[in-house]
Amino acid sequence: MSIYVNKVAILGSGVMGSAIAAHFANAGVPSLVLDIVPPDLADDAKTNRAARNAIVNGAVKAMAKAKPSPLFTKERLSLIETGNFEDDIARIADADWVIEVVKEDLAIKKIVLAAAAEHVGPDAWLSSNTSGLSLATMSEVLPAELRPRFLGTHFFNPPRYMKLLELIPTAETDPAVMQAVADFSEVRLGKGIVLAKDTPNFIANRIGVHAMMVTMKVMEEMDLTIEEVDALTGPAVGRPKTATFKLADLVGLDTFVHVADNVLEAVTDDEARDVFNPPAFLRAMVEKGLLGRKSGGGFYKMIKKPKKQVMTLDLKTLEFREKQKAKFPEIEQGKSMDDLVARLRFLVFGKGRGSEAIWRMLAPSLSYSAMRLTEVCDEASAIDRAVRWGFNWELGPFETWDALGFRKVTERLREDGLPLPAWVDALYDGGAETIYRTTDGVLEAPTAEAGSYAPVPTNPRAYDFEILRSAGGEIHANPGASLLDLGDGVFCIEFHSKMNAIGQDHIQMVMTGCEEAERNGRALVVANQGENFSVGANLMMLMMEATEGNWEDIDMIVRAFQGMTDRLEFCHVPVVTAPHGLALGGGCEVTLGGDAVRASAETYIGLVEFGAGLVPAGGGCARLYQRHVALLPDRADLYPALKASFETIGMAKVGTSAAEGQQLGFLRPADSWSMNRDLQIADAKALAVAMAESGYAPPVPDPAVPVMGRNGVALLESVLYNMQEAGYISEHDHKIGGYLSCILSGGDVPGPTTVSHKHLLDLEREYFLKLIGERKTLERMQSLLKTGKPLRN
């Protein structure tokens, strides 16, 4: 069955419907979004097309303004057409996939699906996007011939950023249709696919909402504050900063209560059913209109006067008070533990009040997850993947259980009197040390049948560097980087230091990797599986050298960095760089050094050194300028390339997607990206192999670069002067901008002329050294290092 989708139809333009359309637009798939005609139209507006489409147009317009943006670039909005159910429902016949996304009301969904069924194409898929309603009940309104092509989809909000897509078949759904939808969604939409059973709230919401409700129950029992709960259920235990109550505010408390009530009503035989009964304070908040961010306040509220600050709700009075700091010695001590497993063991098995609360919140969730196997899915890893991808937990329930020690946790759960299913008892009684096991190199997870395991679903194209390493695929290694053998003559330079800040280890491995690939391979990929590709050069090291006045050492460091990016560019085999996450400063310069880029769609890329009072000096200025020159239709006028690169570097612009990075020049027009990061390295390897097989020839070393010389410097100086006079930049910013203009214009040379690539690198290094010794630059660098955050715009 074909998995190519040329067009989709989205029935319902609310927050979720318009955001789903946006993500299809990110994937390059046009959509038709329909919604109702406004019910209160005046007689003279009833034939006005714009008036009849007011609801859908307003929703799409609001989506386009949302932050963070649902769209890769604003131009993607052109792929979204709008209409209304009365005038345009027949147009869905052109769609390969029709997705109903109306209100979570079973009666309304059935009406819309019945209307759509008359127009769905003979081979098109039809799905209802729902967070937990019965698909079998919905399918009753569909004709028999359409039911095999009907299924449930549960996109998590916001669809662009949330990886999870739960797919839910009915008893009549064609397995081939399920597989086709899964394949398309994984590759083109970048989704992590989990197959769920048609049960209330499916998997992620069933487990995740239960965990949140248990947390609120423990909060009341232990008299914890909102701030204390969020401190105990956030990054300290491998969960997002939104923790419990910030997440509830983000989701919307009315939505949260609706989801909980849906389970409460539908699961009469659930042993933990009463947990889903929302506490009195939660219902009171909804009645009072304290719904979270969408109403301006929920558990937290941002106020701007008399000063900007976050206020916290007092659950006893339902009035806002000043935010209080949570104080748990064990949490503070745990911050020094980078290893999540070690930190979890320390926190869960500790003796303090915080440790007691963490266990009391965690234990029922582990028990509940185990009891749901078979009911919501067929094998344990589906629960872990759904919760990880749907709630952004670092470890799912069973992975957490294994991390803490399967036998130790099971014994404690039994002591606490929490229910456990037969399959857990069978594992324990059989002497198992873990829930997961590996058989002949294949990771397996239990099913609900005692003693039965199933392979954990993986895409065969997806690389796991730890598995590759354990199989002998690591050729060279040092503390900060490795060289891996991806097979087929392709090697991979992998960074694996903290935040992948670039230092001597990384430079050395690039040199080693290029030499190895030239001698024993045919292509090279630069990629890693850390949270970020690279946040840039090691600022701490540079600041220490500058503070001590070690200018010769700094000069050597910069020369080595430039040598590294040059080695990538002029390597005798094709080099594909594969950035993801943050690729900032030096990370961006490494990306620019490759022959081609295969980015992750979610790549945040930019030369942000200006924010630290510096100029890029690892070849970033030279290469970004040359990319803009390459785009010129006529090199007789170099100013557009000069202006574009000057503004991008001088304003520290960051592309907030690979597509936006391409607009800024960090990716070439021919460069590409992978929607699914799990497949990015395989895609980068395939690109590198294709380049090698097509007769790759390396670039000419030290090419001549056309520059504007003194003319360019003069033009940009007038811009800087006017900006300082108008108060937009400081005197120091003016100085940095002047240095940048000299680099990009080729320095003090008559223009237009050509200079060598090496000449531009010399200018980068010269002005970098001038700036790093200045007091204001060191103050900026110290301020950035204190925040502990990567430098970005």
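See the structure above.
Residues numbered from 1 in each chain as written. Predicted model: local features only at pLDDT ≥ 70, side-chain atom pairs only at ≥ 80, totals over all residues. Heavy atoms only, no water.

### Section: the overall build of the chain
Counting secondary structure elements, the chain contains 32 helices and 28 strands. If one aligns the C-alpha atoms of the chain with their principal axes, the spans along those axes are about 80 × 70 × 65 Å. Out of the 793 residues in the chain, the part that is buried amounts to 56%. A separation of at least 24 residues holds for 70% of the contacts in the chain among residues at least 6 apart in sequence. (Helix = DSSP H or I, 4+ residues; strand = E, 2+ residues; numbered from the N terminus. Buried < 20%, exposed > 50% of the residue type's maximum accessible area, 1.4 Å probe, protein only. Contact = heavy atoms within 4.5 Å.)

### Things to note about the side chain of Asp733
By the secondary structure assignment, Asp733 is in helix H30 (residues 731-745). Judged by its relative accessible area of 16%, Asp733 falls in the buried class. With near-sequence residues (within four places) excluded, Asp733 lies in contact with Phe610 and Arg780.

### Considering the sheet that holds strand E1 (residues 8-11)
A sheet is described by the order of its strands in space; here 8 strands give the open sequence E3-E2-E1-E4-E5-E6-E7-E8, paired in mixed fashion. Every other strand in the sheet has two partners, leaving strand E3 (80-84) and strand E8 (192-195) as the edge strands with one partner each. Going across the sheet, the axis of each strand differs from the next one's by a mean of 25°, ignoring polarity. The pairing of strand E4 (residues 97-100) with strand E5 (residues 125-129) spans 4 bridges and is classified as parallel. Across the sheet, residue Val98 finds its bridge partner in E5, namely Leu126. In this fold helix H1 (residues 15-26) packs onto E1, strand E2 (31-35), E3, E4, E5 and strand E6 (150-155), with an angle of close to 165° to the strand it touches most, E1. Against the sheet, helix H5 (residues 106-117) makes contact with E1, E4, E5 and E6, and its axis sits at roughly 165° relative to E5, the strand it touches most. (Pairing = 2+ DSSP bridges. Axes fitted to C-alpha atoms, helices over the stretch in contact; angles between N-to-C directions.)

### Some details on the sheet that holds strand E19 (residues 523-526)
Spatial strand order, E15-E16-E17-E19-E21-E23-E26: 7 strands in an open sheet with mixed pairing. In the strand order of this sheet, the two ends are held by strand E15 (474-477) and strand E26 (672-674), each with one partner. Neighbour-to-neighbour, the strand axes of this sheet turn through a mean angle of 25°, independent of strand direction. Across 2 bridges, strand E21 (residues 575-577) lies against strand E23 (residues 596-600) in parallel orientation. In the strand pairing of E23, Thr577 is matched with Val597.

### Considering helix H17 (residues 397-404)
Counting along an α-helix, one turn takes 3.6 residues, and residues three or four places apart therefore face a common direction. H17 sits mainly inside the fold: 8 of its 8 residues count as buried. Restricting attention to buried positions, one finds in H17 the residues Pro397, Phe398, Glu399, Thr400, Trp401, Asp402, Ala403 and Leu404. Trailing H17 by a residue or two, Gly405 shows a phi angle of about 110°, which is positive.

### With respect to the nonpolar core
In this structure, Phe24 and Trp97 are the most contacted members of the largest nonpolar core, which totals 116 residues. Here this core gets 7 residues from one element, more than from any other, and that element is helix H31 (residues 757-772). Look past the residues within four positions of Phe24 in its chain and what remains in contact with it is Val8, Val29, Trp97, Ile99, Phe155, Phe184 and Leu189. Core analysis: the second largest hydrophobic core is formed by 114 residues, Met213, Val257, Phe349 and Phe398 among them. (Core = buried A, V, L, I, M, F, W, Y, C linked by side-chain atoms within 4.5 Å.)

### Describing the packing of H1 against helix H3 (residues 54-65)
In the contact formed by H1 and H3, the axes pass within 9 Å of each other and the chain directions differ by 60°. Crossing angle aside, the handedness with which H1 passes H3 is right-handed. On H3, the residues that touch Ser18, Ala19 and Ala22 of H1 are Ala59, Val60 and Met63. Taken together, the residues of the contact of H1 with H3 break down into 5 nonpolar, 1 polar and no charged. (Left-handed = near helix turned anticlockwise from the far one by under 90°. Nonpolar A, V, L, I, M, F, W, Y, C, P; charged D, E, K, R; others polar.)

### With respect to the packing of aromatic side chains
Summed over the entire model, instances satisfying the criterion amount to 15 aromatic pairs. Arranged with centres 5.4 Å apart and planes meeting at 75°, the rings of Trp97 and Trp125 form a pair that is edge-to-face. One end of the pair, Trp97, is in strand E4; the other, Trp125, is in strand E5, with 28 residues separating them in the sequence. Arranged with centres 6.0 Å apart and planes meeting at 40°, the rings of Trp401 and Phe406 form a pair that is tilted. Judged by its relative accessible area of 0%, Trp401 is buried. We classify Phe406 as buried; its relative accessible area is 0%. A connected cluster of aromatic rings, assembled from ring pairs, spans Phe398, Trp401, Phe406, Trp423 and Tyr428. In this structure, Arg372 packs its charged tip against the face of Tyr368, placed 4.5 Å from the ring centre. (Phe/Tyr/Trp six-rings, centres within 6.5 Å; stacked < 30°, edge-to-face > 60°. Lys NZ or Arg CZ within 6 Å of the ring centre and 35° of its normal.)

### Examining unusual backbone geometry
The peptide bond linking Lys67 to Pro68 adopts the cis configuration, its omega dihedral lying at -5°. The topology assignment puts Pro68 in the loop between H3 and E3. A cis amide bond links Asn157 with the next residue in sequence, Pro158, at an omega value of 0°. Of note, Asp223 is a non-glycine position whose phi angle comes to about 55°, a positive value.

### Some details on the environment of Pro640
Secondary-structure assignment places Pro640 in helix H26 (residues 639-650). Residue classification places Pro640 among the partly exposed residues on the basis of a relative accessible area of 41%. As for Pro640 and His628, which are separated by 12 residues in sequence, their C-alpha atoms are 8.1 Å apart.

By themselves, these are just geometric observations and shouldn't be taken as functional.
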